[in-house]
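# Results of the structural survey
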Amino acid sequence: MEQPTGTPTTPAGVVACADRVLADLDETMWVAKSSEELVEAVVVAERLRAHLAALEAGVLAEVHARGVAKGELAWGSTAEWFTHLAGTHRGTGHQTIRHADTLVNERTATHSAMVAGRVSPEQAAVIVDAIDRLPTDPGVRADGEAFLLDAASRLNATDLAKAARHLVEVADLDGAERRTERELERQDRAAHHGRFLAIVEDGAGGIRLRGRGTVEDGAAIKAALLPLTKPQPAVDPRDPDGDQTVDPRDHGARLWDALVETCRHALTTDLPPDCHGARPRIAVTTSLEVLQLGLDLGRIDWGTLGTDLPTTDDGLELTPAVVRRMACDADLIPIALGTQGEVLDVGRTSRLVTPAIWRALVCRDRHCAFPGCTRPPVMGHAHHITHWVEGGITSLANLVLLCGHHHRVIHHTPWQVRLNPADGRPEFLPPQRPGAPPPSWIRTRRRE
């Protein structure tokens, strides 16, 4: 990167120069400034923030268009690279890349308003998402964008979102245009290419599903689930005689139960392919101390022991009560961890990864260990850090979990991987870039 001295000659140099100028304010005694100066500083700072967001959107759109992150930096996608670089949430990183491309190529008026500091990044996100929900007629979308840009001068992002929802309702009152568009092959292809399913923890002891797909996909899913959503008889607590029965679950709860039941049926009937020779089971990770004490999981005083809750190999934390309930009809595989999280007693060493070693590898790495990637173990490979033909052995100390893409990256690019000598966790060394300082070893979701 160009050093911020003299006259900058590159875009990065200009930004670095601006950063150096702003650094002069770091030691400012704000208590000595007047109220007018403080307010004006915030106003200008917010204008600058919008301008920087617009600038970054233009750069990210070009990086994405050229395929720099995947083709030159060996990342899985532009979103993965940016999420890692910015240290942001995965969902935020994907949204930033999607919005950047839309702002630069379609919502140019909104992008120009950001450059001028008239629209905040949050307002721009509301506008981009709202216009995407309008009918695809260019005139309708242009008018909608102009309306929301005008409203943005008076409304914050929360109120602007309400205005945007009203705009969508008015512009497509009965959904006729939307239904017609769904029948078009182009829309169907777009929905297919944009399909995804995410299962994330909701921070309140449960999970939340997010996803999208084609109308055909929706029909298949409904056909599989709806037969299982019939109301089931239950005693009505309002009836003292107990001779009237109702199902207390609403439709949403019955649909969720149908999805869970379908998945359990698939596991019971061995429909999914076996992974690395191991039948799907539940692995609960707990401490070696718990196993040595021989304590019942349901009676552990977690506060006294100072240990984490049991976790599955997907990283979900379980309460002892949940573990007991799951143990009624599931195989539980205990995996002992040492004080540094290293897996102990994983089994014999062989040329091929055994089910025991694979289970231990999944327990340690959770998902693809490459920085910024969280592809699950079902998409993963056990990579030998020191190749078998070069004398490497098949043991946990010589393995790292990588998805198919990043397995190829490690084999065919200058990226390097090792296990940290202190805690035995995987870390990676990026390729050396010309003119840049030597890279340092990094881990998943850690900023360079």
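Now for a look at the structure at hand. (Residues numbered from 1 in each chain as written. Predicted model: local features only at pLDDT ≥ 70, side-chain atom pairs only at ≥ 80, totals over all residues. Heavy atoms only, no water.)

### As for the side chain of Glu80
Within the fold, Glu80 resides in helix H4 (residues 78-86). Leave out the neighbours within four places in its chain, and Glu80 touches Trp75, Gly372, Cys373, Arg375 and His406. (Helix = DSSP H or I, 4+ residues; strand = E, 2+ residues; numbered from the N terminus. Contact = heavy atoms within 4.5 Å.)

### A closer look at the environment of Leu60
For Leu60, the location among the structural elements is in helix H2 (residues 35-66). Exposure remark for Leu60: the relative accessible area of 5% places this residue in the buried category. For the pair Leu60 and His99, spaced 39 residues apart in sequence, the C-alpha to C-alpha distance is 9.8 Å. Apart from the residues lying within four places of it in its own chain, the contact partners of Leu60 are Trp81, Phe82, Thr96, Ile97 and Ala100. (Buried < 20%, exposed > 50% of the residue type's maximum accessible area, 1.4 Å probe, protein only.)

### With respect to the pairing of strand S2 (residues 207-212)
As defined by bridge partners, strand S1 (residues 196-201) adjoins S2 across 6 bridges and the pair is classed as antiparallel. Bridge pairing links Ile199 to Leu209 in S2. Hairpin connection from S1 to S2: 5 residues lie between these consecutive antiparallel strands, with Gly203 at a positive phi of about 75°. (Pairing = 2+ DSSP bridges.)

### Side note on the packing of aromatic side chains
Enumeration according to the criterion identifies 4 aromatic pairs in this entry. Taking 5.8 Å as the distance between ring centres and 90° as the angle between the ring planes, the aromatic pair formed by Trp75 and Trp415 counts as edge-to-face. Taken together, the residues Trp75 in the loop between helix H3 (68-71) and H4 and Trp415 in the loop between helix H18 (404-412) and strand S8 (416-419) connect sequence positions 340 residues apart. The exposure classification of Trp75 matches that of Trp415, with both residues buried. Each residue in the set Trp75, Phe370, Trp415 and Phe428 is aromatic and connected to the rest through ring pairs, giving one cluster. (Phe/Tyr/Trp six-rings, centres within 6.5 Å; stacked < 30°, edge-to-face > 60°.)

### Focus on the environment of Ala61
Along the chain, Ala61 falls in helix H2. Considered as a pair, Ala61 and Asn105 are 44 residues apart in the sequence and their alpha carbons are 8.6 Å apart. Once you skip the residues sitting within four places of it in the chain, Ala61 turns out to touch Ala100, Asp101 and Val104.

Interpretation note: all reported values are geometric properties and have no functional meaning in isolation.
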